[in-house]
Amino acid sequence: MGPLPIFQWVLSIPDRLSKLAYLMLFLVLEILQQEPDLTDQLTVYADNQSQFKSLHKQSEAVKEDRPRSDLKAEIEQLEDERIQLNDKIEGLHPETKDKLWVHLFI
């Protein structure tokens, strides 16, 4: 069978794996627990780790609650309006150019 199915699986979910790899930077830390001097630091680390987990869950919930389709539709509408306004400005440009020229002679 070989490693081919593993590579197919890994390549099929790159977003999920990159997210996990990012989180692992914050959630995994190898510390020698035999050192008595590290007890306080381990406590601070555990507190920071739990705070990070909580904040990360909150940020993921906010990301999921955001209506992306509404934002995309609004962006498309604004882009259409921008194009229409640019076309209108381009259409008015020759008219205003002639009117300004006439006012110079009056």
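Every value quoted in this text rests on a predicted model; they were computed, and no experiment measured them.

Cut-offs used in this document
Residues numbered from 1 in each chain as written. Predicted model: local features only at pLDDT ≥ 70, side-chain atom pairs only at ≥ 80, totals over all residues. Heavy atoms only, no water. Helix = DSSP H or I, 4+ residues; strand = E, 2+ residues; numbered from the N terminus. Buried < 20%, exposed > 50% of the residue type's maximum accessible area, 1.4 Å probe, protein only. Areas by Shrake-Rupley, 256 points an atom, 1.4 Å probe, with all protein chains shown as cover. Expected span 1.5 Å × (residues − 1). Patch = residues over 30% accessible without salt bridge, like charges linked within 9 Å, V, L, I, M, F, W, Y side chains within 5 Å. Salt bridge = Lys/Arg side-chain N within 4 Å of Asp/Glu carboxyl O. Contact = heavy atoms within 4.5 Å. Polar contact = N/O pair within 3.5 Å; in protein donor to acceptor, adjacent residues only side chain to side chain.

Peer 1: Can you explain the overall build of the protein chain? Please cite residues and give values.
Peer 2: Along its length, the protein chain carries 4 helices and 0 strands. In the protein chain, the order of α-helices and β-strands from amino to carboxyl end is α-α-α-α. Taking all 106 residues of the protein chain together, 5% fall into the buried category. Approximately 10,100 Å² of the protein chain is accessible, and the part contributed by carbon and sulfur atoms is 61%.

Peer 1: Give a description of helix α3 (residues 39-65) that names residues and reports values.
Peer 2: End to end, α3 covers 39 Å across 27 residues, agreeing with the expected 39 Å (1.5 Å per residue, within 8%). Buried residues of α3: Y45, Q49, H56 and E60, and no others.

Peer 1: So what about a nonpolar patch on the surface? Which residues, and what values?
Peer 2: Side chains of I6, F7, W9, V10 and L11 sit close together on the surface and give an oily, nonpolar patch of about 560 Å² of accessible area. You can see L11 is positioned in helix α1 (residues 4-12).

Peer 1: I'd like to hear about the side chain of H56, residue by residue, with values.
Peer 2: Along the chain, the position of H56 falls in helix α3. Those residues in contact with H56, other than ones at most four positions away along the chain, are K19 and L23.

Peer 1: Describe in detail the side chain of E60, supporting the description with residues and values.
Peer 2: Of note, E60 is situated in helix α3. Engagement of the side chain of E60 in a polar contact is seen with the side chain of K19, the distance being 2.9 Å.

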